[in-house]
Amino acid sequence: MPIFARTKLVIYEDCLEVPGSPFQGKKFLTLEYSGPNPQAAYYQAKKILSQVTKVPEGEIVERDFSWKKEGEEESFSVSFDVIKDMDRFSFIQLTLSMKGKVKPSKEFGKEGNVTINIEGTLRTEYPQDTLWEKSLIYEFFRAFYHRFIYEDTRKKYKQECVNLMNQIYTNLKEFFNILPRR
């Protein structure tokens with residue numbers, strides 16, 4: 001849960017920047033789909049996010065929603081944000097964004113394409129509201145704690161973030177039935 005402090009020290013890292021990650025250098029995972037009923041991803045995304053992160057659907061924020069109809073063709077875009085609390089200082093924020101186009105089809109009802117981006121960040125926030133939290137002694141203690149004790153925990157959280165992103169990506173591929181044949 002984000003800390004609601006007037007002032008705070010925020011450490012913000014992209015999850016895919018985990019050393020040794022196969023996604024090194026990428027900011028997000030991308031899934032592109034063309035075929036029947038791509039608009040169904042809109043309805044499925046919130047369910048998948050909730051199932052994978054174990055965050056209730058009611059806590060998933062839908063933002064930047066747009067659905068436009070131009071003649072026969074419809075275009076849509078939406079972003080979903082989910083915050084998964086890890087402990088009192090850190091949380092994972094996952095953002096799933098999608099843009100797509102749909103047109104009528106005699107065979108499938110609707111067909112088109114959709115592009116889905118999945119982005120994850122790990123945020124650690126240390127409040128700095130009180131006189132004690134602003135003191136030099138506290139800052140030394142916090143720096144020591146962060147570097148020598150808490151950094152290993154943050155590495156585990158970043159790996160969990162990557163695992164969540166992969167699981168969401170795989171579930172969406174399964175939904176669209178585009179997993180490679182074995």
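Residues numbered from 1 in each chain as written. Predicted model: local features only at pLDDT ≥ 70, side-chain atom pairs only at ≥ 80, totals over all residues. Heavy atoms only, no water.

Enquirer: What's the story with the state of the cysteines in this structure? I'm lost.
Expert: By definition, a disulfide links the sulfur atoms of two cysteines through a covalent bond. Counting across every chain of the model gives one disulfide. The partner cysteine of C15 in its disulfide is C161, sulfur to sulfur 2.1 Å. Handedness of the C15-C161 disulfide follows from its S-S torsion of about 95 degrees: it is right-handed. Taken together, the positions of C15 in the loop between β1 (8-14) and β2 (28-36) and C161 in helix α3 (residues 136-176) put the pair 146 residues apart, joining distant regions of the chain. A relative accessible area of 0% places C161 in the buried class. (Disulfide = S-S within 2.5 Å. Helix = DSSP H or I, 4+ residues; strand = E, 2+ residues; numbered from the N terminus. Buried < 20%, exposed > 50% of the residue type's maximum accessible area, 1.4 Å probe, protein only.)

Enquirer: What exactly am I supposed to notice about the environment of E13 here?
Expert: Relative to the helices and strands, E13 is located in strand β1. Exposure remark for E13: the relative accessible area of 24% places this residue in the partly exposed category. Aside from chain neighbours lying at most four places away, what touches E13 is G120, T121, L122, R154 and K158. For E13, the side chain forms a polar contact with the side chain of K158, separated by 3.1 Å. (Contact = heavy atoms within 4.5 Å. Polar contact = N/O pair within 3.5 Å; in protein donor to acceptor, adjacent residues only side chain to side chain.)

Enquirer: Would you take a moment to explain the environment of H146 for this structure?
Expert: Residue placement: H146 occurs in helix α3. For H146, the residues in contact, after removing those within four places along its chain, are I11, Y126, E151 and R154.

Enquirer: Teacher, can you tell me more about the pairing of strand β5 (residues 90-105) here?
Expert: Within a regular strand, side chains alternate between the sheet's two faces. As paired strands, strand β4 (residues 73-85) and β5 are joined by twelve bridges and run antiparallel to one another. Across the sheet, V78 pairs through a bridge with M98, a residue of β5. Between β4 and β5, which pair antiparallel and follow one another directly, the connecting turn spans four residues. In this structure, β5 lies alongside strand β6 (residues 109-127), joined through 16 bridges in antiparallel fashion. Residue pairing in the sheet places P104 in a bridge with K110 of β6. Here β5 hands over to β6 after three residues, the two strands then running antiparallel side by side. (Pairing = 2+ DSSP bridges.)

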